[in-house]
Amino acid sequence: MMFDITGKRSLFLIISEVVILIGIIALVVFGLKPGIEFSSGSMLTVSFEQEVDHSELEQELVNLGYTNAIIQGIGESDFLIRTPELSGEDKAALEDALSARFGSLSEREFHSVSPMVATETAHNAAIAVAIAAVGILLYITWAFRRMPRPFHYGVCAIIALVHDVVVVLGIFAIFGAILNWEINLMFITGVLAVIGYSINDTVVIFDRIRENLKRGMSADFEVVVNNSLVETMSRSLNTCLTTLFVVLALLFFVGASIQNFAVVLLVGIVSGTYSSICIAAPLLIVWERGEWGRLVFLPQAKAKEA
Amino acid sequence: MARKNTLLLIIILALFAFAVCALIYPLFDRKEMRLGLDLIGGVHLVYQADFPEDATGEERAAGMERALITIEKRIDKYGVTEPIIQQLGEDRILVQLPGFTDIDAAKSLVEQTGFLEFREVELNEEEQPVYLGDYFQQDELQFINEQETGNRVFVIDVVNAEGEREHKTVAFLAKDNGDIKFTDASGNPIDATALEEYADALSWIIARGDDGTPLTGDLLADAYASLDQSGVVPIPQVSIEWDSEGSVIFDQIAARLYPRPDNENYFDPERALGIFLDNTLLSAPEVNAQKFEGRGVITGNFTREEVSELANLLKSGALPMPLKKPPLYEEKVSATLGADFIDMSLKAGIIGLILVMLFMIIYYRLPGVLASLALVFYAALVLAIFKLIPVTLTLAGIGGFVLSIGMAVDANVLIFERMKEEFATGRTLGAAIEAGFNRAWTAIRDSNVTTFIVCVILYWLGSSIVASAPVMGFALTLFIGVAVSMFTAIVVTRTLLRLFVGTSLASKTSLFSAHQERK
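Residues numbered from 1 in each chain as written. Chains lettered and ligands numbered in written order. Predicted model: local features only at pLDDT ≥ 70, side-chain atom pairs only at ≥ 80, totals over all residues.

As for the overall build of chain B
- Helices and strands together make up the secondary structure of chain B, namely 12 helices and 14 strands.
- Each principal axis of the C-alpha distribution contributes one length, and for chain B these read about 110 × 55 × 45 Å.
- Considering chain B as a whole, with its 519 residues, one finds that 42% of them fall into the buried category.
- Considering only contacts in chain B between residues 6 or more positions apart, those separated by 24 or more positions represent 72%. (Helix = DSSP H or I, 4+ residues; strand = E, 2+ residues; numbered from the N terminus. Buried ≥ 20, exposed ≤ 12 C-beta atoms within 10 Å, placed from the backbone. Contact = placed C-beta atoms within 7 Å.)

Set out below in structure tokens:
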């Protein structure tokens, strides 16, 4: 056997448990920072002619009364300034004050979302995520109907999925706390795309397990699962790589405007590939053999194995 | 088999040629990719309508219609290309102005109450109408009717691009610091020589009551579409009602205009009362009575649509726009930023494509080359579909397309991996190709279903919210991308691969896989 993946399942599962735990703690402690699309407010992107210091700009905004303004630098002299909802007059006054202090500036982009629209958007995004969850569940029920134990397969795929979502959310909670990253509609879009990707990956592997079981590859379920993983490994990694290539290209060349989206995909695709191989499939064995103890205490499990 | 394959190859090449042509040349009236606001720059506004609590459904619908027509008219004058002004749901209005990047100007354009005023034609000493040409005859510019010192608006009738006649305001003549000058709508001076082609434009002066009070929209109480039932066939007309001050002034003006000469069948400028909204002549009905006592009708050869539009425009000059301020949603992207986005996303797409192709060629060798060809075909076909449908491309939409390039090869990867396994069991190239494709098919189909589900849900989400463009754009481009990728991977790559069956290359297995595993 080239790779023994399933044999290291305890290790993989423990790693994932730790990662998930960190993610959940980050989510509970920091929470996610909603962007203006979900919480209302204004976002102004200005480009100064001269170089402007980040902290000076921050100080100036505080002086102007925007104590909660969030500033994000883009490139050398462009800044994204996030404030509560600005009226036309507020914005003109703000721009005048900034150009008086830092020299002339041009307004590159401006978004303003009212509380009504923000509430509506958050509400509908929540519905979309709920529908997506139901849709994916239905799909899983359908896709795994031919599997020997559809319920086991479905639950394991969903656990892998939840893993990926928690990883993405956890990372954004941490980035939110450190870098003030906010979640917006493109973030939700990215998460849904990741969900689709992660399920794809798991389906391909499970499909192979089913095929190998039918062929009677081995009486040992673990051997079948491991062989199936090895057989599908290059497909999983190659598809992950080609997708990462384009995501990285988006991240490096397009940058700030779809940064959230690209980072969600980047993290989600890596996590999705990992979880399909190292969580979903090994969990099948854990379930088959009733080794749930392995998920909790590594030493005890080892002892049992010996 | 070989024959069928040749046929398929011809179809594929033809399709490719078609896609490339569609991209390069205007086809079916589609000259350019349709780009979203974030890529060309512009302003996007969404307003909530503002009606009194007790407004009936009918009043609300009428108010929405009035707001839409008024905004359309105003934006028309600014020459914005392909503006979008539409109703969202029951009580919202979306305004998209591509290329118009002054968001404050855009907002005031939409929100302001129109300036409605009534004018009459200027007459010279012989009681004849004055034209712009008459002013060119003067040695020194001065008002021909010296009693009226308000500005003049010169209006000419032109045939517009759609072949309809319309009134066009060509210039103003106004007294500024004692000098009389020709100006444009913003008050900037115009050189008289630039106006020579408009010598036939009529000169309109402010219509005033006996005490000099101008007749303006403030004095208008209501305007609505109605039907003249006096004849055999009901004729659409616009009814207007004045408030108490307005009815006095209007009657004073009518008493002055009505006695002027009347050529039954021809338009008499002397007797016309010009209705101007924001300096544009809407209509110039002739006054046909001495006394109106606060009510009047505007008749003419009108359709029902024209009548309701005119009534709405009249009202927009009398009532504030029924819109809540500030807008529910505002977005502005500068044109330079939009251009940067196109540049950057194009770069990302090309680099991504090249990386994927390099990887496929290095890892899968000959099949990788074929998959890369299929990928080029894929990109051309998808872009052609975007252009022809047309799909409005936004930054997120391009992101979806670029992502689909990475995912498009997944089907190929699935197939090639299968082929490698088949090779390993000692099959020939032909058998390996067929087995590879057949056995990978269920996995390809099943695995794309989730992406489709997600796309449909995202599309719904996009359509249900105000800031819809990014999410919808992404969902649509990814959906089209994945659908086309299934076709290219299954049909195109297979057809190309079959070309090698039976050739001397087929036996060189190293061409088909860098990682031959022998059991």
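Looking at the overall build of chain A
- Scanning chain A from N- to C-terminus turns up 10 helices and four strands.
- For chain A, the α and β elements follow one another from N to C terminus as α-α-β-α-β-β-α-β-α-α-α-α-α-α.
- C-alpha extents for chain A along the principal axes are approximately 80 × 35 × 35 Å.
- Pairs at least 24 residues apart make up 78% of the contacts formed inside chain A by residues separated by at least 6 positions.

Observations regarding the domain arrangement of chain A
All names here are of chain A.
- According to the domain assignment, chain A consists of domain 1 (6-35 + 117-305) and domain 2 (42-113).
- Contacts between the two partners involve four residues from domain 1 and, on the opposite side, four residues from domain 2.
- Of the residues contributing to the side of domain 1 that touches domain 2, the split by class is three nonpolar, one polar and no charged. (Domains from an automatic or database assignment. Nonpolar A, V, L, I, M, F, W, Y, C, P; charged D, E, K, R; others polar.)

Let's talk about the sheet that holds strand E5 (residues 152-159) of chain B
Residue and element names in this part refer to chain B.
- A sheet is described by the order of its strands in space; here seven strands give the open sequence E7-E6-E5-E8-E4-E11-E12, paired in antiparallel fashion. Lying at the two open borders of the sheet, with one neighbouring strand each, are strand E7 (179-183) and strand E12 (280-283). Across the sheet, the axes of successive neighbouring strands diverge by a mean angle of 40°, strand direction being ignored.
- Of the strand pairs in this sheet, strand E11 (residues 273-277) and E12 are connected by three bridges, and their pairing is antiparallel. For Leu 277, the partnering residue across the bridge sits in E12 and is Thr 280. (Pairing = 2+ DSSP bridges. Axes fitted to C-alpha atoms, helices over the stretch in contact; angles between N-to-C directions.)

With respect to the domain arrangement of chain B
Residue and element names in this part refer to chain B.
- Under the domain assignment used here, chain B contains domain 1 (2-33 + 334-511), domain 2 (42-114 + 323-331) and domain 3 (116-316).
- Distance from the C-alpha centre of domain 2 to the C-alpha centre of domain 3: 27 Å.
- Contact residues are listed per partner, giving eight residues for domain 2 and nine residues for domain 3.
- Of the residues belonging to the side of domain 2 that touches domain 3, the class tally is one nonpolar, two polar and five charged.

A look at the nonpolar core
- Counting residues in hydrophobic clusters, the biggest one holds 186 residues, and the most contacted among them are Val168(A), Ile195(A), Leu265(A), Leu375(B) and Leu458(B).
- Setting aside anything within four residues of it in sequence, one finds Leu375(B) in contact with Leu353(B), Val356(B), Met357(B), Ile405(B), Ala408(B) and Val409(B).
- Core analysis: the next-biggest nonpolar cluster, separate from the first, contains 44 residues, Phe118(B), Val153(B), Leu173(B) and Leu220(B) among them. (Core = buried A, V, L, I, M, F, W, Y, C linked by C-beta atoms within 7 Å.)

Considerations on the interface of chain B and chain A
- Contacts between the two partners involve 56 residues from chain B, matched on the other side by 55 residues from chain A.
- Only helix H4 (103-111), strand E14 (329-333), helix H8 (335-364), helix H10 (395-424), helix H11 (429-464) and helix H12 (469-498) of chain B provide two or more residues apiece to the side of chain B that touches chain A.
- Among the elements that line the side of chain B that touches chain A, the one with the most residues is H11(B), at 14 residues.
- The residue makeup of the side of chain B that touches chain A, split by class, is 37 nonpolar, 10 polar and nine charged.
- As paired strands, strand E4 (residues 105-113) of chain A and E14(B) are joined by five bridges and run antiparallel to one another.

Concerning the pairing of strand E1 (residues 42-48) of chain B
Residue and element names in this part refer to chain B.
- Counting buried positions over the seven residues of E1 gives seven, a clear majority of the element.
- Judged by which residues are buried, E1 turns out to be covered on both faces: Gly 42, His 44, Val 46 and Gln 48 on one side and Val 43, Leu 45 and Tyr 47 on the other are all buried.
- Examined bridge by bridge, E1 and strand E3 (residues 92-98) share seven bridges and lie antiparallel to one another. Each bridged residue has a counterpart across the sheet, and for His 44 the counterpart in E3 is Gln 96.
- As paired elements, E1 and E14 share five bridges and run antiparallel to each other. Residue pairing across strands places Gly 42 opposite Val 333, the latter belonging to E14.

Observations regarding unusual backbone geometry
All names here are of chain B.
- Going from Lys 325 to Pro 326, the amide bond is cis rather than trans, its omega being -5°.
- Note on placement: Pro 326 falls in the loop between helix H7 (304-316) and E14.
- A cis amide bond links Ile 389 to the next residue, Pro 390, at an omega of -10°.
- On the secondary structure map, Pro 390 appears in the loop between helix H9 (366-388) and H10.
- Positive phi, normally seen in glycine, also occurs at Glu 127, with a value near 65°.
- Summarising the element assignment, Glu 127 is placed in the loop between strand E4 (116-121) and helix H5 (132-136).
- For Glu 127, a count of 9 C-beta atoms within 10 Å translates into the label exposed.
- One non-glycine residue, Arg 365, adopts positive backbone phi at about 55°.
- Within the secondary structure, Arg 365 is located in the loop between H8 and H9.
- Since 19 C-beta atoms lie within 10 Å of it, Arg 365 is described here as partly exposed.

A short note on the packing of helix H6 (residues 150-179) of chain A against helix H7 (residues 185-214) of chain A
All names here are of chain A.
- Packing of H6 against H7 leaves a shortest axis separation of 10 Å and a crossing angle of 145°. By crossing handedness, the relation of H6 to H7 is classed as right-handed. Contacts from Tyr 153, Ala 157, Ala 160, Leu 161, Asp 164, Val 165 and Val 168 of H6 reach H7 at Val 191, Val 194, Ile 195, Ser 198, Ile 199, Thr 202 and Phe 206.
- Considered class by class, the residues forming the contact of H6 with H7 number 11 nonpolar, two polar and one charged. (Left-handed = near helix turned anticlockwise from the far one by under 90°.)

A word on the environment of Glu140(B)
- Its location among the elements puts Glu140(B) in the loop between H5 and E5.
- According to the C-beta neighbour criterion, Glu140(B) is exposed, with 5 such atoms within 10 Å.

Topic: the sheet that holds strand E13 (residues 295-298) of chain B
Residue and element names in this part refer to chain B.
- Read from one edge of the open sheet, three strands run E9-E10-E13, paired in antiparallel fashion. The outermost strands of the open sheet, each flanked by one partner alone, are strand E9 (220-228) and E13. Recorded for the sheet is a direction-independent mean angle of 25° between the axes of neighbouring strands.
- With four bridges connecting them, strand E10 (residues 235-242) and E13 associate as antiparallel partners. Along E13, the bridge assignment pairs Glu 241 with Arg 295.
- Sitting on the sheet, H7 touches E9, E10 and E13, and the angle it makes with E9 is about 175°.

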